[in-house]
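# Architecture and fold: a report
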Amino acid sequence: FKQKTAYEIRLSLVGSEMCIRDRPILEPDEWYENNGHKSGVVYACGAVEVNGWLFAYYGGADIVTCVAVAEMKPFLKELLASKTPKLKNIRIKKK
C-alpha cells in the first residue's frame, strides 16, 4: 500500500544557474516505511561514501532507522544521463 501523500528522498544536481536534475532516489516502498507513526515517510539522516559505495541512512515511518546503498560510479552515471538512479535497501541480519 502506498499513500498518495508519501514523502520521498530526492537528489538534486545543481548547475551554475539552475537545478538540472531533481529525481526521487528513495521512496517509501517497504512495509516498515509505510506502517508506523508517520506512514509513507522516508527522511534523510545522512550519507557517506566508502570504497566507491554510497551509504544513505534514513528514517522510515518515524519508527525505524535504515540504510540504502548504491555503487557510486554507476549511480552518478545514471544521474548525469538524465535517468533516475535508485538506492537499494539492504537488510542486516542479527547474529
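Use the structure listed above.
Our subject in this report is the structure included herewith. Treat the numbers as computed from the prediction; the structure is a model and nothing was measured.

Attention shifts here to the nonpolar core. Of all hydrophobic cores here, the largest spans 14 residues; its most connected members are I9, L26, Y58, F75 and L87. Leaving out residues up to four positions away in the same chain, L26 has contacts with E8, I9, V42, Y58, A68, L87 and N89.

The next thing to look at is a nonpolar patch on the surface. A cluster of nonpolar side chains, V48, V50 and Y57, forms an exposed patch at the surface whose accessible area comes to about 230 Å². Classification of V50 by relative accessible area gives partly exposed; the value is 39%.

Here N34 lies in helix α1 (residues 31-34). Using a relative accessible area of 5% as the deciding quantity, one classes N34 as buried. In terms of polar contacts, N34 uses its side chain to reach the backbone carbonyl oxygen of E30, at 3.0 Å.

Turning our attention to unusual backbone geometry. Positive phi values are uncommon outside glycine, yet N51 reaches one of about 50 degrees. Within the fold, N51 resides in the loop between β3 (42-50) and β4 (53-60). In this structure N51 comes out as exposed when scored by relative accessible area, which is 75%.

Calculation notes
Residues numbered from 1 in each chain as written. Predicted model: local features only at pLDDT ≥ 70, side-chain atom pairs only at ≥ 80, totals over all residues. Heavy atoms only, no water. Core = buried A, V, L, I, M, F, W, Y, C linked by side-chain atoms within 4.5 Å. Buried < 20%, exposed > 50% of the residue type's maximum accessible area, 1.4 Å probe, protein only. Contact = heavy atoms within 4.5 Å. Patch = residues over 30% accessible without salt bridge, like charges linked within 9 Å, V, L, I, M, F, W, Y side chains within 5 Å. Areas by Shrake-Rupley, 256 points an atom, 1.4 Å probe, with all protein chains shown as cover. Salt bridge = Lys/Arg side-chain N within 4 Å of Asp/Glu carboxyl O. Helix = DSSP H or I, 4+ residues; strand = E, 2+ residues; numbered from the N terminus. Polar contact = N/O pair within 3.5 Å; in protein donor to acceptor, adjacent residues only side chain to side chain.

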